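Architecture and fold: a report
One letter stands for each residue in the lines below.
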Amino acid sequence: MDLDFAIKCIPLFWAAGKLTVTLAFFGIILSLVIGFICAVLQYYRIPFLKQLAGIYIELARNTPLMVQLFFLFFGLPRLGILIPGKTCAIIGLAFLGGAYMAEAFRGGFSAVGKTQLEAGLSLGLSRLQLLRYVIFPQALAVSLPVISASTIFLMKETSVFSIVALPDLMYLAKDLLKEGHSIESNLMLVISYLVIILPVSLFFAYLERRARFAGFGS
Amino acid sequence: MSETMIENINLSKQEEEQREKPSLEDRPIVICARDIVKSFGERLILKGISVNVHHGEVLVVIGPSGCGKSTLLRCLNGLEPIDSGEIELDGELLTKPGTNWNLVRQKIGMVFQNYELFPHLNVMDNILLGPIKVQKRKKTEAKQKASAWLERVGLLDRADSYPRELSGGQKQRVAIVRALTMAPEVMLFDEVTASLDPEMVREVLDVMLSLASQGLTMVIVTHEMGFAKAVADKIIFMDEGHIVENAPPDVFFNNPETSRAKKFLNMFEFKGIKKV
Ligand SMILES: Nc1ncnc2c1ncn2[C@@H]1O[C@H](COP(=O)(O)OP(=O)(O)OP(=O)(O)O)[C@@H](O)[C@H]1O
Ligand SMILES: [Mg+2]
């Protein structure tokens, strides 16, 4: 175990980690947006768009991220569409994550009772206001555990980005591996992912606790 | 119009307007329902319901479980679309395409059996949601009105509580205030005491009695026969989707015309004797 080497590598891992975090961040934010929109389309049973959302969800959930990335990275250029690698990664993660987040929100929405909706409607709330002030806050509390699990799942999925030649953590570790520092780079890789993902886990645990204390959604 | 009425209720505890019952029929009609037919799938639930609610009138709807009382109320404020028939509010036809139900529902308050307070909002925010987000009223003004109502139902000190911290009776009083703060022209009450422990029924009924005595137009579905007798200007008795009787309370309770109504009322007599 070459500790010096490991320490020397810290800046490299820092840079690679930053890329991983950046891509994960934008991918997950986008997946929340996509998931929310899909869930709303399905919840309000918007004709046509509802079916479209359903097809998307099945497509995204039942194909590996790696395949989705290959399509974006190697397939689209054949059709004359060139997307930069980082954008590919973000789109790919959002595409996959959107389906998971849609399921998370769907569960939350369906947990809000029909009678709550009627109470809101009878106050004269429009459907959009109902969504914003009555359904969403309650649904979020219910969805939170699933959103949390999906977020962490997606953060781990970022390790696939290395295959489209993005210098993320996994890519770096593989690089160092080739140079023969397998123990050190493996250790640094584990630590890096832990440092990134553990705080996110803890943050979600805190949010879930708060939602429970608020006494709804359970 | 209803704004000022509500304000009067709010301010004038002494100058309570004495209701002149005989003249009720001459007053303007707030809700007019004509021949409402409603089915769920194959099952016909309302088989042609016609009823008028006059300004300041308290209409009490009674009838056996499943006869369509809740369905009727929910049709009146558009929560359920009807198959045929007409509903008017203040002479304006609602059952036509293009009706803005969001606007209509601001004029028709509704209180539910299970309170349906919003669990993520405290009492004050529950009450203010409608006035502020729907009616776009100023927060300070709306809050003042809400506080006045809360005070009237004895819950001003619970304004910051969350629904889960309240008893059933308290929740239902908040739900009533939430509907009233919208200053509706008419209030619909659907078995609002049916989920309450007996000792809490009274506090809710008292609020409704005081609203009635001050001229609020109300449609009340209830199984509390004593309360119905006390509060009603008119009783309609429903059975199997029809209005079987439509009469003033003294007539209905003392001399019900139909055997179905008699049978129904006997059920409660029996219960009453057992209670004593
Ligand atoms: N959304 C619905 N879908 C299908 N059937 C319904 C629906 N709502 C009510 N019904 C049926 O319509 C009938 C009338 O129901 P409703 O709730 O109006 O009765 P009710 O007079 O209010 O009874 P209760 O005194 O028990 O509240 C019942 O048989 C009920 O099962
Ligand atoms: Mg009912």
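In the block above lies the structure referred to throughout.
The following paragraphs examine the structure supplied in this document.

**Things to note about the overall build of chain A**
Helices and strands together make up the secondary structure of chain A, namely 9 helices and 0 strands. Going from N to C terminus, chain A has its helices and strands arranged as α-α-α-α-α-α-α-α-α. Overall, the C-alpha framework of chain A stretches about 70 × 50 × 20 Å when taken along its three principal axes. Expressed as a percentage of the 218 residues in chain A, the buried residues total 45%. Sequence-distant contacts in chain A: of pairs separated by 6 or more residues, those separated by 24 or more amount to 78%. Per element, the accessible surface of chain A, about 11,300 Å² overall, is 71% carbon and sulfur. Averaging the positions of the 17 positive and the 11 negative side-chain charges in chain A gives two centres separated by 14 Å.

**A short note on the packing of helix α5 (residues 85-111) of chain A against helix α7 (residues 127-157) of chain A**
Residue and element names in this part refer to chain A. At a minimum axis separation of 7 Å, α5 and α7 run at an interaxial angle of 145°. The interaxial crossing formed by α5 with α7 has right-handed handedness. Across the contact of α5 with α7, the residue classes break down as 18 nonpolar, 6 polar and 1 charged.

**Comments concerning empty space enclosed by the protein**
Going through the model one piece at a time under the given rule, you end up with 2 cavities of 30 Å³ or more. Looking at the largest cavity, the residues that line it are A119(A), S122(A), L123(A), M110(B), F112(B), A175(B), R178(B) and A179(B). Taken together, the residues of the lining of the largest cavity break down into 6 nonpolar, 1 polar and 1 charged. Its boundaries defined by the atoms lining it, the second largest cavity holds a volume of some 30 Å³. Breaking the lining of the second largest cavity down by element, the ones donating at least two residues are α3 (101-107) and β6 (108-111) of chain B.

**Looking at the layout of surface pockets**
Residues and elements named next belong to chain A. The calculated volume of the second largest pocket comes to roughly 430 Å³. When residues of the lining of the second largest pocket are traced back to their parent elements, those giving at least two are α2 (10-43), α6 (114-121) and α7. In terms of residue count, the dominant contributor to the lining of the second largest pocket is α6 (4 residues). Counted by class, the lining of the second largest pocket contains 6 nonpolar, 2 polar and 7 charged residues.

**Here's the deal with the sheet that holds strand β2 (residues 43-54) of chain B**
All names here are of chain B. The strand order β2-β1-β4-β5 describes an open sheet built from 4 strands, whose pairing is antiparallel. Every other strand in the sheet has two partners, leaving β2 and β5 (92-93) as the edge strands with one partner each. One ladder, built from 2 bridges, connects strand β4 (residues 84-89) with β5; its direction is antiparallel. The residue of β5 that forms the bridge with E88 is L93.

**Side note on the packing of α6(A) against α7(A)**
All names here are of chain A. In contact at an axis separation of 10 Å, α6 and α7 are set at 155° when each is read in the N-to-C sense. By the angle between their axes, α6 is roughly antiparallel relative to α7. Handedness of the α6/α7 crossing: right-handed. Between α6, through Q116, L117, G120 and L121, and α7, the contact on the second element is made entirely by L130, V134, I135 and Q138. For the contact of α6 with α7, a count of residues per class yields 5 nonpolar, 3 polar and no charged.

Calculation rules
- Residues numbered from 1 in each chain as written.
- Chains lettered and ligands numbered in written order.
- Predicted model: local features only at pLDDT ≥ 70, side-chain atom pairs only at ≥ 80, totals over all residues.
- Heavy atoms only, no water.
- Helix = DSSP H or I, 4+ residues; strand = E, 2+ residues; numbered from the N terminus.
- Buried < 20%, exposed > 50% of the residue type's maximum accessible area, 1.4 Å probe, protein only.
- Contact = heavy atoms within 4.5 Å.
- Areas by Shrake-Rupley, 256 points an atom, 1.4 Å probe, with all protein chains shown as cover.
- Lys, Arg positive; Asp, Glu negative; His and termini not counted.
- Charge placed at Lys NZ, Arg CZ, Asp CG, Glu CD.
- Axes fitted to C-alpha atoms, helices over the stretch in contact; angles between N-to-C directions.
- Left-handed = near helix turned anticlockwise from the far one by under 90°.
- Nonpolar A, V, L, I, M, F, W, Y, C, P; charged D, E, K, R; others polar.
- 1 Å grid on protein atoms, 1.4 Å probe; cavity = no way out; pocket = protein on both sides within 12 Å on 5 of 7 lines; lining within 4 Å.
- Points joined across faces, edges and corners; volume = space filled by probe spheres on them.
- Pairing = 2+ DSSP bridges.
- Parallel < 35°, antiparallel > 145°, perpendicular 65-115°, else oblique.

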